[in-house]
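# Observations on the model geometry
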Amino acid sequence: MDHAIVFGASGGIGAALADHLATSHDVTRISRREDGLDVTDETSVAYVVGRLDRPVDLVFVATGILTPEGHAPEKSLDAVGATAMAQTFAVNAIGPALLLRHIAPKLSQTARVGVLTARVGSIGDNRIGGWYSYRASKAAANQVVHGAAIEIGRKRKQAVVVALHPGTVETPFTEGYVAPKVAPSEAAENLVRVLSSLTPEQTGGFFDYAGHAIEW
């Protein structure tokens, strides 16, 4: 069976992704809760990823935070604070960059990698402002994914590395957020279907849960 890795496998979407993939893949579930993974600490990332002893065919990075504990998304510039913004970037942008750095050498020639970001990270789609730290951190993550896709594609020309928007999913992450939501199992099915359907020519792109390209 192909080998799949889910980073953030104890979270709502991550757990659903791991469960869904387990029907067709040999799944390694990695999380802070079970493995002590701290995506903001390179030593932790290097240690956890370094224990993987065989090639990886499919990767989902399902780590991330909406805000640091005790903070809320900024509705105005007056609410922006350096500490909270730095913590958000550490998890949402630097974290995926470190994971991609250390998992890249372990990818198979035809590997598929999906990094969960968010539509609100699209600069072109931002028409209402606000949510400065979250938006900016996800935009930064998108840039990391795009660059990583180019580099990984030089040695693995059949690989697919993309940023994915899962939609609004019914998890503790979205509690209090007023919007139509889907169950984690449905979101996982959508994401796996999209990542499986993309071609190497689409690597480095940004796609939603229906497979539609999102503007940067």
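Read on for a plain summary of the structure. (Residues numbered from 1 in each chain as written. Predicted model: local features only at pLDDT ≥ 70, side-chain atom pairs only at ≥ 80, totals over all residues. Heavy atoms only, no water.)

## Some points on the environment of Val 145
As for its position among the elements, Val 145 is in helix H5 (residues 132-155). Here Val 145 falls in the buried class, since its relative accessible area comes to 1%. Here Val 145 is in contact with Leu 100, Val 115, Val 161, Val 162 and Ala 163, once residues within four sequence places are set aside. (Helix = DSSP H or I, 4+ residues; strand = E, 2+ residues; numbered from the N terminus. Buried < 20%, exposed > 50% of the residue type's maximum accessible area, 1.4 Å probe, protein only. Contact = heavy atoms within 4.5 Å.)

## What to know about the layout of surface pockets
Rolled over the atoms, a probe with the dimensions of a water molecule shows which regions are left empty. Taken as a whole, the second largest pocket encloses approximately 250 Å³ of empty space. Around the second largest pocket sit Ala 97, Leu 100, Arg 101, Ala 104, Pro 105, Ala 148, Glu 151, Ile 152, Arg 154, Lys 155 and Arg 156, which together line it. Broken down by secondary-structure element, the contributors of at least two residues to the lining of the second largest pocket are helix H4 (82-103) and H5. Ranked by residues supplied to the lining of the second largest pocket, first place goes to H5 with five residues. Of the residues in the lining of the second largest pocket, the class split is six nonpolar, no polar and five charged. (1 Å grid on protein atoms, 1.4 Å probe; cavity = no way out; pocket = protein on both sides within 12 Å on 5 of 7 lines; lining within 4 Å. Points joined across faces, edges and corners; volume = space filled by probe spheres on them. Nonpolar A, V, L, I, M, F, W, Y, C, P; charged D, E, K, R; others polar.)

## Quick notes on the side chain of Ser 108
Within the element layout of this structure, Ser 108 appears in strand E4 (residues 107-116). Given a relative accessible area of 12%, Ser 108 falls into the buried group. Once residues lying within four places of it in the same chain are set aside, the contact partners of Ser 108 are Val 56, Asp 57 and Arg 156.

## Regarding the pairing of E4
Among the ten residues that make up E4, seven are buried, leaving the element largely enclosed by the rest of the structure. In this structure, strand E3 (residues 56-61) lies alongside E4, joined through five bridges in parallel fashion. Looking across to E4, one finds that Val 59 is bridged to Val 113. Handedness of the crossover is the feature at issue here: the chain leaves E3, passes through H4, returns alongside E4, and the resulting connection is right-handed. Looking at chain direction, E4 and strand E5 (residues 160-165) are connected through five bridges and run parallel. Bridge assignment links Val 115 to a residue of E5, and that residue is Ala 163. In this view, the connection linking E4 to its parallel neighbour E5 by way of H5 has right-handed handedness. (Pairing = 2+ DSSP bridges. Right-handed = clockwise from strand over helix to strand, strands pointing away.)

## Section: the nonpolar core
Phe 7, Leu 37, Val 59, Leu 99, Ile 103 and Leu 107 are the most contacted members of the largest nonpolar core, which has 31 residues in total. Residue assignment for this core shows that the elements contributing at least two residues are strand E1 (3-7), helix H3 (42-50), E3, H4, E4, H5 and E5. For this core, the element with the most residues is H4, which contributes five residues. The residues contacting Ile 103, other than those within four sequence positions of it, are Phe 7, Val 49, Leu 52, Val 56 and Val 59. Ranked by size, the runner-up nonpolar core spans 25 residues in total, among them Val 6, Ala 9, Ile 13 and Ala 188. (Core = buried A, V, L, I, M, F, W, Y, C linked by side-chain atoms within 4.5 Å.)

## Here we look at the sheet that holds strand E6 (residues 206-208)
Read from one edge of the open sheet, six strands run E2-E1-E3-E4-E5-E6, paired in parallel fashion. Each of the sheet's edge strands pairs with one partner strand only, and the pair in question is strand E2 (26-30) and E6. This sheet shows a mean twist of 20 degrees between the axes of neighbouring strands, independent of strand direction. Two strands pair when backbone bridges link them, and E1 and E2 are joined in this way by five bridges, in the parallel orientation. When the sheet's bridge partners are listed, Phe 7 is paired in E2 with Ile 30. Seen against the sheet, H4 touches E1, E3 and E4 and runs at an angle of roughly 170 degrees to E4. Its contacts with the sheet place H5 against E4, E5 and E6, and it is angled at close to 165 degrees to E5. (Axes fitted to C-alpha atoms, helices over the stretch in contact; angles between N-to-C directions.)

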